[in-house]
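# Notes for the structure review
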Amino acid sequence: MTAGDPQTGRDPGERYASFAAFYPYYIQEHSNRTCRRIHVVGTGLVITAFAAFCVTLNAWWLLAMPLVGYGFAWVGHFFFEKNRPATFQYPLWSLMGDFRLFFETVSGKRRF
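Here is a short report on the structure shown in this document. Note that the structure is predicted; figures quoted are calculated from it, not measured. (Residues numbered from 1 in each chain as written. Predicted model: local features only at pLDDT ≥ 70, side-chain atom pairs only at ≥ 80, totals over all residues. Heavy atoms only, no water.)

## Things to note about the packing of aromatic side chains
We count it as follows: Only centres within 6.5 Å qualify two rings of Phe, Tyr or Trp (six-membered ring in Trp) as a pair; their planes then separate them into stacked at under 30 degrees, edge-to-face at over 60, and tilted for everything else. Under the DSSP-based scheme used, a helix requires at least four consecutive residues in state H or I and a strand at least two consecutive residues in state E, with every element numbered from the N terminus. Note on classification: 1.4 Å probe, protein chains only; a residue is buried when its accessible area is under 20% of the maximum for its type, exposed when over 50%, partly exposed between these limits. For a lysine, the NZ atom is tested; for an arginine, the CZ atom; a charge sits over a ring if that atom is within 6 Å of the ring centre and within 35 degrees of the ring normal.
Under the criterion given, the structure shown has 16 aromatic pairs. On the numbers, 6.2 Å between centres and 50 degrees between planes, the contact of F22 with Y26 is tilted. Of this pair, F22 and Y26 both sit in helix α1 (residues 19-28), four residues apart, which is roughly one turn of that helix. According to the relative accessible area criterion, F22 is buried, its value standing at 0%. Geometrically, the ring pair formed by F22 and W93 is tilted, given 5.9 Å between the ring centres and 40 degrees between the ring planes. On the criterion of sequence distance, the pair formed by F22 in helix α1 and W93 in helix α4 (residues 91-106) is long-range, its members being 71 residues apart. Every member of this aromatic cluster is reached through a ring pair, and the members are Y16, F19, F22, Y23, Y25, Y26, Y90 and W93. The ring centre of F112 lies 5.3 Å from the NZ or CZ of R37, which sits over that ring. For the cation-ring pair, R100 lies above Y23, with the distance from its terminal atom to the ring centre recorded as 3.8 Å.

## Quick notes on a nonpolar patch on the surface
The condition that has to hold: Think of a patch as exposed residues, more than 30% relative accessible area, with no salt bridge, where like charges cluster within 9 Å and nonpolar side chains (Val, Leu, Ile, Met, Phe, Trp, Tyr) cluster within 5 Å. Here the accessible surface of atoms and residues is derived via Shrake-Rupley with a 1.4 Å probe, and residues count as covered only by protein chains that are part of the display. Basic side-chain nitrogens of Lys or Arg form a salt bridge, by our definition, when they fall within 4 Å of a carboxyl oxygen of Asp or Glu.
A cluster of nonpolar side chains, namely V75, F78, F79, F80 and F88, defines an oily patch on the protein surface of about 490 Å² accessible area. One can find F78 in helix α3 (residues 60-81). A residue is classified by how much of its surface remains accessible, and F78, at 43% relative accessible area, is partly exposed.

## Details of the packing of helix α2 (residues 33-56) against α3
For clarity, the threshold we go by: Axis definition: a line fit to C-alpha positions, over the contact stretch in the case of helices; interaxial angles, taken between N-to-C directions, run 0 to 180 degrees. Relative orientations are named as follows: roughly parallel for angles under 35 degrees, roughly antiparallel for angles over 145 degrees, roughly perpendicular for angles from 65 to 115 degrees, and oblique for any other angle. Classes in brief: Ala, Val, Leu, Ile, Met, Phe, Trp, Tyr, Cys and Pro nonpolar; Asp, Glu, Lys and Arg charged; the others, Gly included, polar.
Packing of α2 against α3 brings their axes to within 8 Å, and their N-to-C directions diverge by 175 degrees. Viewed along their axes, α2 and α3 adopt a mutual orientation that is roughly antiparallel. Taken together, the residues that form the contact of α2 with α3 break down as 17 nonpolar, seven polar and one charged.

## Some thoughts on α3
Put simply, the rule reads: An expected span of 1.5 Å times one less than the residue number is assigned to each helix. To be clear, the arc concerns the directions from the helix axis to the C-beta atoms. Throughout, a contact is declared for two residues whenever any of their heavy atoms are within 4.5 Å.
Helix length check: α3, at 22 residues, gives a terminal C-alpha distance of 30 Å against a target of 32 Å (1.5 Å per residue), a fit within 8%. For α3, the set of buried residues is M65, G69, A73, G76, H77 and E81. Take α3 and look down its axis: the buried residues cluster within an arc of 95 degrees, on one side only. Along α3, the residues that are exposed and aim more than 90 degrees away from the buried face are W60, L67 and F79. Of the surrounding secondary structure, the elements contacted by the buried residues of α3 are α1 and α2. K82, located one to two residues past α3, shows a positive phi value of around 60 degrees.

## Thoughts on the nonpolar core
What counts, and what does not: Think of a nonpolar core as a cluster: buried Ala, Val, Leu, Ile, Met, Phe, Trp, Tyr and Cys residues, connected wherever their side-chain atoms sit within 4.5 Å.
Among the nonpolar cores identified, the biggest contains 12 residues, and these are Y16, F19, F22, Y23, Y25, Y26, I27, V40, A86, Y90, L101 and F102. If you list the elements that add at least two residues to this core, you get α1 and α4. It is α1 that provides the largest number of residues to this core, a total of six residues.

Shown next as structure tokens:
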């Protein structure tokens, strides 16, 4: 019998069954305030790039979206949080977490 991860109580390789179960892990992986701030800025720039695409119909804005989104997020993880982004293991739920974190922050539910 394995002891699992002491912080999460999960066995290595065990997958989350739902986004609701994943989100506390996502927040734990973003405990560094600077990392969270960088994520919020990056997600805001992704939304801005999408709005620019909608106005101009210039496809370069679509290419800019993952560059600014992942660029900002990965700087936050590698230089401030010092962990591996959840994107590598949970790409969709990580993206959903980025947007939830963004909207919780801009609505005042989570501290910036």
